[in-house]
Amino acid sequence: NFNLPLDKLSGVATDGAPAMVGKNKGLVALLKREMDARGVGHDSLVLCHCIVHQHNLCAKSVKFDHVLLVVTDCINFVKKRDLNNRIFKQVLKDFDADYDDLLYFCAVRWTSCGNMLGRFHSLLTAIIEFRNSKDCPSAELEDENWLCDLGFMVDITEHLNHLNVQLQGPDQLLHSLFSKIKSFTSMLSLWESQLKDNNCVHFPTLKKYTSCAQLYFGMLASLGKLQREIPRYQKQADLDIFSIPFNVSIASAPSELQLELIKLQSDDTMRAMYTNKPLIAFYRDHVSREEFPNSRARALKWASVFGSTYLCEQFLSKMNIAKSRYRSRLTDENL
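Note that the structure is a prediction, hence the values are computed from the model and not measured.

**Looking at the overall build of the protein**
Next, step 1: Counting its secondary structure elements, the protein contains 17 helices and two strands.
Next, step 2: Computed over its C-alpha atoms, the radius of gyration of the protein comes to 26 Å, more than 25% above the 20 Å expected for a compact globule of 335 residues.
Next, step 3: Each of the three principal axes of the protein carries a C-alpha extent, and together these read 80 × 60 × 45 Å.
Next, step 4: Across the 335 residues of the protein, 41% fall into the buried class.

**Topic: the side chain of glutamate 260**
Next, step 1: Within the secondary structure, glutamate 260 is located in helix α13 (residues 255-265).
Next, step 2: No salt bridge is formed by the buried glutamate 260. Its closest oppositely charged neighbour is lysine 263, at 7.2 Å.
Next, step 3: There is a polar contact of 3.2 Å between the side chain of glutamate 260 and the backbone nitrogen of asparagine 294.
Next, step 4: Within the structure, the side chain of glutamate 260 is placed 2.7 Å from the side chain of serine 295, a separation counted as a polar contact.
Next, step 5: Apart from residues lying up to four places away in sequence, glutamate 260 is in contact with Glu291, Phe292, Pro293, Asn294 and Ser295.

**Structural notes on the packing of helix α3 (residues 51-59) against helix α8 (residues 144-167)**
To characterise two packed helices, one gives the angle between the axes of the helices and the distance between these axes.
Next, step 1: Remark: α3 packs on α8, axes separated minimally by 9 Å, with the N-to-C direction vectors making an angle of 170°. One finds that α3 runs roughly antiparallel with respect to α8. Note on element contacts: α8 touches α3 through Leu160, Leu163, Asn164 and Leu167, opposite Ile51, Val52, His55 and Ala59.
Next, step 2: A per-class count over the contact of α3 with α8 returns six nonpolar, two polar and no charged.

**Structural notes on the side chain of threonine 14**
Next, step 1: Along the chain, the position of threonine 14 falls in strand β1 (residues 11-14).
Next, step 2: Here the side chain of threonine 14 touches glycine 16 through a polar contact of 3.2 Å, landing on its backbone nitrogen.

**Examining the pairing of strand β2 (residues 46-49)**
Next, step 1: Burial along β2 is one-sided: Val46 and Cys48 are buried, and none of Leu47 and His49, which face the opposite way, are.
Next, step 2: Relative to β2, β1 is paired through four bridges, and the arrangement is parallel. Paired with threonine 14 across the two strands is histidine 49, which belongs to β2.

**What to know about the nonpolar core**
Nonpolar side chains in soluble globular proteins tend to be buried together.
Next, step 1: Membership of the largest hydrophobic core comes to 78 residues, with the highest contact counts inside it found for Val71, Phe120, Leu141, Trp146, Leu150, Phe152 and Ile156.
Next, step 2: Sorting elements by how many residues they give to this core places α8 first, with eleven residues.
Next, step 3: Setting aside anything within four residues of it in sequence, one finds isoleucine 156 in contact with Val62, Trp191, Phe203, Leu223 and Leu226.
Next, step 4: Membership of the second largest hydrophobic core comes to seven residues, among which are Val28, Leu31, Val40 and Leu45.

The rules behind each value
- Residues numbered from 1 in each chain as written.
- Predicted model: local features only at pLDDT ≥ 70, side-chain atom pairs only at ≥ 80, totals over all residues.
- Heavy atoms only, no water.
- Helix = DSSP H or I, 4+ residues; strand = E, 2+ residues; numbered from the N terminus.
- Rg over C-alpha atoms; globule rule 2.2 N^0.38 Å.
- Buried < 20%, exposed > 50% of the residue type's maximum accessible area, 1.4 Å probe, protein only.
- Lys, Arg positive; Asp, Glu negative; His and termini not counted.
- Salt bridge = Lys/Arg side-chain N within 4 Å of Asp/Glu carboxyl O.
- Polar contact = N/O pair within 3.5 Å; in protein donor to acceptor, adjacent residues only side chain to side chain.
- Contact = heavy atoms within 4.5 Å.
- Axes fitted to C-alpha atoms, helices over the stretch in contact; angles between N-to-C directions.
- Parallel < 35°, antiparallel > 145°, perpendicular 65-115°, else oblique.
- Nonpolar A, V, L, I, M, F, W, Y, C, P; charged D, E, K, R; others polar.
- Pairing = 2+ DSSP bridges.
- Core = buried A, V, L, I, M, F, W, Y, C linked by side-chain atoms within 4.5 Å.

This is the structure we're talking about:
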């Protein structure tokens, strides 16, 4: 409709749905077909499955259903009836708890599970007291083995949530997202080796139940599965040339970039600017189009590739807020 110049298209980030990546009728296939019709090559088109979405899919591989079912049942017992919920809130006040209520689990909110488990564990004493007062005790809540698994779930989901938040936000370049995923994979290897030695230094909640050290086997299996599920991103050589131009091998670089890289790596002033400035500012202010035409063109390409659909999701959220019932209520409270 808008006759966009497809020759300037650097890449496409999708959520991996069939409507996006379908072989024949997916958006990517139709886009490639349109580029061919216009005589624009698509060989250099970067296709990226949203890294934040992939991370969320990997997080679902940690399945401790026996923990989640009990937690969900306890939360529903409290919140499904208004009377129970009001009494429980009073119990929390009597216990001087850090929170005033429990949280529901919402599968479409990616940090929901970790937030729910963390709050549930914080209010565990009040929950046990409330259920006992209702003559509906839950044996699992006082079982050391189950509590050990709960502690592990609280800690691992907190780590996953922390990574999820790191992957979100504007101005996230593709190479930085790859680095964060690589860093988390190394952390998983470290945690697995430490748990084998009964070391819970990075699992503070689990550490409270050290008497259950013999039960770490299931947790080790979950960490191993999580490592296998997290995608191993193979960084393209062009991306390394963009993100670490002073560390790449000249011989392995494309021929049209070799002379420019030699000139760039030999310039101490340029190296100092690269060290002291953000990457985009370095290319914008110091890599001139006249002196480094090919390097600058590659940098523009990789700087414009989206590694996630975060900005799109954020825009849709803003639209939902704009269309809410608060839009037409120009009161002091809403403003």
